[in-house]
Amino acid sequence: QVQLVESGGGLVQPGGSLRLSCAASGSIFNISIMGWYRQAPGKQRELVAKGTSAGRTAFADFVKDRFTISRDNAKNTLYLQMNSLRPEDTAVYYCNALIQGMTTDTAWYWGQGTQVTVSS
C-alpha cells in the first residue's frame, strides 16, 4: 500500500522560510511525478510546484524565485524549500505523486496535508 506523508509545516513570520518534506512509502516501483499543491480556506486547491523523475520542474507564477523543489529518488522523498514567505502563502500544503506500485497500476496519490501559516 502506497502512502505519502508530509512534514515540516508550521507557523512562520512574513519573510521567513520553511522546508516541507513528502516521503512516499510502500510497495513502490516507480514515481514519475511528484509535486506540491496548496489549498487556502475558501479557495480551490492549486498547484505550487512539481517535478518529474527526469528532473523537469514547473512552478506556479506566484512562487517563482521564492520556492524550490528537490527530490531524493533513493529515499522517495520530495522537498519544498519556501523562502520569503508571505501571509498569502498560508494554506494546507499537499503532496501529490504519480506512482507505479510493484503489484498495482500507476495511480495518483495524495498526502494528508501539512498546515503552513505565515503571520506576525
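Once a new chain begins, its residue numbering starts again from 1 and follows that chain's sequence as written. Where totals are concerned, whole chains, interfaces and linings use all residues; where local detail is concerned, this predicted model gives features only for residues with pLDDT of at least 70, and gives and counts side-chain atom pairs only at 80 or more. The basis for every side-chain value is the complete set of non-hydrogen atoms in the structure, without hydrogens or water.

## What about the overall build of the protein?
1) Next: Of the regular secondary structure elements, the protein holds zero helices and eleven strands.
2) Next: When the elements of the protein are put in sequence order from the N terminus, they spell out β-β-β-β-β-β-β-β-β-β-β.
3) Next: Only C-alpha atoms enter the radius of gyration, while the globule expectation follows 2.2 Å times N to the 0.38, with N the number of residues. Taken over the C-alpha trace, the protein has a radius of gyration of 14 Å; the compact-globule value for 120 residues is 14 Å, and the two agree within 12%.
4) Next: Projected onto the principal axes, the alpha-carbon positions of the protein cover approximately 45 × 25 × 25 Å.
5) Next: In this description, accessible areas are obtained by the Shrake-Rupley approach with a 1.4 Å probe, and a residue is regarded as covered only by the protein chains that are shown. Total accessible area on the protein is roughly 6,600 Å²; 47% of this is exposed by carbon and sulfur atoms.
6) Next: Computed over 11 positive and 8 negative side-chain charges, the inter-centroid distance for the protein is 2 Å. Every helix listed is a DSSP run of H or I at least four residues long, and every strand listed is a run of E at least two residues long, numbered separately from the N terminus. Only four residue types enter the charge count, namely Lys and Arg as positive and Asp and Glu as negative; His and the chain termini do not. To locate a charge, take NZ of a lysine, CZ of an arginine, CG of an aspartate or CD of a glutamate.

## Description of the pairing of strand β5 (residues 46–52)
Regular strands have side chains that alternate between both faces of the sheet.
1) Next: Note: strand β4 (residues 28–39) against β5, six bridges, orientation antiparallel. Note on β5: the bridge partner recorded for Trp36 is Ala49.
2) Next: We treat two strands as partners when DSSP finds at least two bridges between them. Connecting β4 to the next strand, β5, in antiparallel fashion are six residues, including Gly42 with a positive phi near 80 degrees.
3) Next: By the bridge criterion, three bridges tie β5 to strand β6 (residues 57–59) in an arrangement that is antiparallel. Its bridge partner lying in β6, Ala49 is registered against Phe59.

## Details of the side chain of Glu6
1) Next: Position of Glu6 among the secondary structure elements: in strand β1 (residues 3–7).
2) Next: Relative accessible area decides the class of each residue, using a 1.4 Å probe on protein chains only: under 20% of the type maximum gives buried, over 50% gives exposed, and in between gives partly exposed. One speaks of a salt bridge when a side-chain nitrogen belonging to Lys or Arg is within 4 Å of a carboxyl oxygen belonging to Asp or Glu. Despite its burial, Glu6 pairs with no opposite charge, the nearest such side chain being Arg45 at 7.5 Å.
3) Next: Definition of a polar contact: a pair of N or O atoms within 3.5 Å, with one able to donate and the other able to accept a hydrogen when the atoms are protein atoms, and with sequence-neighbouring residues admitted only if both atoms are side-chain atoms. In terms of polar contacts, Glu6 uses its side chain to reach the backbone amide nitrogen of Gln112, at 3.0 Å.
4) Next: Whether two residues are in contact is decided by their heavy atoms, any of which lying within 4.5 Å being enough. With near-sequence residues (within four places) excluded, Glu6 lies in contact with Ser21, Cys22, Trp36, Tyr93, Tyr94, Cys95, Gly111, Gln112, Gly113 and Thr114.

## Quick word on the nonpolar core
1) Next: Trp36, Val48, Phe67, Leu80, Met82, Tyr93 and Ile99 are the most contacted members of the largest nonpolar core, which totals 29 residues.
2) Next: Mapped by element, the contributors of at least two residues to this core are β3 (18–25), β4, β5, β7 (67–72), β8 (77–82), β9 (91–101) and β11 (114–118).
3) Next: Among the elements that take part in this core, β9 stands out by supplying five residues, more than any other.
4) Next: Filtering out sequence-adjacent residues up to four positions away, Met82 remains in contact with Gly16, Ser17, Leu18, Leu20, Arg66, Phe67, Tyr93 and Val116. Here, the term nonpolar core denotes a set of buried Ala, Val, Leu, Ile, Met, Phe, Trp, Tyr and Cys residues that are joined through side-chain atoms within 4.5 Å.

## With respect to the packing of aromatic side chains
1) Next: Aromatic rings from Phe, Tyr and Trp, with only the six-membered ring used for Trp, were paired whenever their centres fell within 6.5 Å, and each pair was classed as stacked if the ring planes differed by under 30 degrees, edge-to-face if by over 60, and tilted otherwise. According to the stated counting rule, one finds two aromatic pairs in the structure shown.
2) Next: With a centroid separation of 5.1 Å and an interplanar angle of 65 degrees, the aromatic rings of Tyr37 and Trp110 are classed as edge-to-face. Of this pair, Tyr37 sits in strand β4 while Trp110 sits in strand β10 (residues 107–110), and the two are 73 residues apart along the sequence.
3) Next: Taking the relative accessible area as the measure of exposure, Trp110 reaches 40% and is therefore partly exposed.
4) Next: Three or more aromatic residues joined by ring pairs form one cluster here, namely Tyr37, Tyr94 and Trp110.
5) Next: To sit over a ring, a charge needs its Lys NZ or Arg CZ within 6 Å of the ring centre and within 35 degrees of the ring normal. In this structure, Arg45 packs its charged tip against the face of Tyr94, placed 3.7 Å from the ring centre.
6) Next: The positively charged end of Arg45 is found above the aromatic ring belonging to Trp110, 4.6 Å away from the centroid.

## Points about the environment of Leu18
1) Next: Within the element layout of this structure, Leu18 appears in strand β3.
2) Next: With a relative accessible area of 15%, Leu18 lands in the buried category.
3) Next: C-alpha of Leu18 to C-alpha of Thr68: the two residues are 50 residues apart in sequence and 11 Å apart in space.
4) Next: Those residues within four positions of Leu18 in sequence are excluded, and the remaining contacts are Gly8, Gly9, Gly10, Val12, Leu80, Gln81, Met82, Leu85 and Val116.

Such coordinate-based values are descriptive only and should not be taken to indicate function.
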